[in-house]
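Summary of structural features
Here are the chains, one letter per residue:
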Amino acid sequence: MSESVLRYGLFGLGRCGCVHGEILIAQGQPIAAIGDENPAALASAKQRLGVRGAAEFTNASDMARHKEIDAVVIATHTKDHARDAEPFVRAGIPIYLEKPLTADLAEAFAFVKTVGLRRNLMQIGLQRRFDQALAYAKELIDGGLLGEIREIRAVLRDQHPPPATYFSRGLIIDMGIHVADEVLWLTGEFPRVVWGRMFNAKNYQSPIDEGGNTAHVGFTTERGTICRLDLSRTHASGYNNETYVIGTKGTLHVGRFSGYPGQIPVELWTERGSLHPRSKNFQMAECAGNCAEFQPRFQKAFERAHRQFREAAKHHRDFAVTQAEVLDAQVLVEAAHRSAARGGVDYFVARSEGLEAYRQLCRDSKLLEESALRSS
Ligand SMILES: NC(=O)c1ccc[n+]([C@@H]2O[C@H](COP(=O)([O-])OP(=O)(O)OC[C@H]3O[C@@H](n4cnc5c(N)ncnc54)[C@H](O)[C@@H]3O)[C@@H](O)[C@H]2O)c1
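Predicted model, so just to flag it, every value in this text is computed and none were measured. (Residues numbered from 1 in each chain as written. Predicted model: local features only at pLDDT ≥ 70, side-chain atom pairs only at ≥ 80, totals over all residues.)

**Side note on the domain arrangement of the protein**
- Here the protein is partitioned into domain 1 (8-127 + 305-322) and domain 2 (129-294).
- Taking only C-alpha atoms, the centre of domain 1 and the centre of domain 2 are 26 Å apart.
- On the domain 2 side, the residues contacting the 15 residues of domain 1 number twelve residues.
- The residue inventory of the side of domain 1 that touches domain 2, partitioned by class, reads seven nonpolar, five polar and three charged. (Domains from an automatic or database assignment. Contact = placed C-beta atoms within 7 Å. Nonpolar A, V, L, I, M, F, W, Y, C, P; charged D, E, K, R; others polar.)

Right under this line is the structure:
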């Protein structure tokens, strides 16, 4: 199938914006405009991406008025996502918006109230939804091969701290959103009780304060599924992403650490203690030496996410992961972040299809009050 072509704007050109830019260029997509509020980031990205002739902008509103873009990728600081996405929504330009939607849950609700819940406005950069190994795992779960899910644990561990320029409101908000969404997606459930704890593992130096370098998040659902997220930036042997699902009929282990870069095993263990024939290995991508640490594991998922985004944008179809889904994951990480700030107390959460009712439930759960543990 030939690639759809869109004229892209890239707004936010730090580490992640450049990763997206390189993928789009490799996919034969024209970069018609580039932008960043920081001129140094703009200049360095222009050189790194080798884009010539692209219009240049230092704010999102001006880029959104540019007539020659069909779509935009926004990878600015998380705290600026809503501010930078809104002009493109108003201009009717489809957005690939990096995760999370916003740094604050209250701001997320305000933003969704402004832009609405239409599913063809923006695709959120939760690339696990496009990862072949995880999509295959979901197929096995949905096919009933595990029986009913009793327990699920998702692990996300970086090898290194983020860059000095990075904005994070806290480790649970920033890293947790990926695996929070993954677990909600794989189980099809929403949390009922949520708790979190933050830790400082030994001998770790970061240029930014995220409230700790390691976190455990736990939650249970209305149906009694027991869930856990393990997060850290201290995995000395390489980027580590794995998901372990215990069902009533078997166990599924996705991405058991086996070298980085390396294979991504999807191992389905039966009640007889043997490997099911539908177990399968996926391969990480080969990336250049200077790539971001998450690229070998997720490069192919980023590529698929962009292809799917273009097809949906071109045919005015719904995006696969939107502001609605990321809002659910944000509720979960907000509750865990607040719990961790209060020593691990339980937060009770609930959702509603109606935005105002959902917001009220979050208010009742004390998730919208001005919060502690904020880094900059
Ligand atoms: N989907 C993923 O796996 C993934 C991975 C990393 C980051 N992200 C998301 O992408 C967004 C941006 O993250 P990032 O890692 O690109 O952060 P970053 O700190 O590298 O870039 C963010 C901003 O910092 C400034 N900046 C960066 N490098 C600079 C430089 N050399 N000189 C001057 N200014 C500079 C720029 O204004 C830039 O837009 C965040 O919302 C983050 O959550 C997603």
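**Things to note about the sheet that holds strand 14 (residues 280-283)**
- Taken in spatial order, the nine strands line up as 14-13-12-11-7-10-9-8-15 in an open sheet, and their pairing is mixed. Looking along the sheet, the strands with just one partner apiece sit at the ends: strand 14 and strand 15 (347-348).
- Pairing between strand 7 (residues 149-157) and strand 11 (residues 240-247): eight bridges, direction antiparallel. Counted as the bridge partner of leucine 156 is asparagine 241 from strand 11.
- Relative to strand 7, helix 8 (residues 176-187) is tilted by about 155°, and along the sheet it contacts strand 7, strand 9 (214-221), strand 10 (226-232) and strand 11. (Pairing = 2+ DSSP bridges. Helix = DSSP H or I, 4+ residues; strand = E, 2+ residues; numbered from the N terminus. Axes fitted to C-alpha atoms, helices over the stretch in contact; angles between N-to-C directions.)

**Quick word on the site of the ligand**
- Residues in close proximity to the ligand total 24 residues, the closest being Gly14, Arg15, Cys16, Ala41 and Thr165.
- Secondary-structure elements contributing two or more residues to the shell around the ligand are helix 1 (15-26) and helix 2 (39-49).
- Viewed by domain, the shell around the ligand spans two of them, domain 1 (8-127 + 305-322) and domain 2 (129-294), each represented by three or more residues. (Near = placed C-beta within 6 Å.)

**Considerations on the packing of helix 1 against helix 2**
- The contact between helix 1 and helix 2 brings their axes to 10 Å, and the two run at 30°. Here helix 2 runs roughly parallel to helix 1, going by the angle between their axes. Viewed along their axes, helix 1 and helix 2 form a crossing whose handedness is right-handed. Where helix 1 abuts helix 2, its residues Gly17, Cys18, Gly21, Glu22 and Ile25 lie against Ala45, Arg48 and Leu49. (Parallel < 35°, antiparallel > 145°, perpendicular 65-115°, else oblique. Left-handed = near helix turned anticlockwise from the far one by under 90°.)

**Some thoughts on the nonpolar core**
- Formed by 103 residues in total, the largest nonpolar core has its most connected members in Tyr8, Val72 and Ile95.
- Ranked by residue count, the leading element in this core is helix 10 (residues 323-341), at nine residues.
- Of the domains in this structure, domain 1 (8-127 + 305-322) and domain 2 (129-294) are the two that each give at least three residues to this core. (Core = buried A, V, L, I, M, F, W, Y, C linked by C-beta atoms within 7 Å. Buried ≥ 20, exposed ≤ 12 C-beta atoms within 10 Å, placed from the backbone.)

**Looking at the environment of asparagine 241**
- Here asparagine 241 is to be found in strand 11.
- Given 25 C-beta atoms within 10 Å, asparagine 241 falls into the buried group.
- Each C-alpha atom of the pair asparagine 241 and phenylalanine 309 lies 24 Å from the other, and the pair is 68 residues apart in sequence.
- When neighbours within four sequence positions are excluded, asparagine 241 is seen to be in contact with Val155, Leu156, Gly255 and Arg297.

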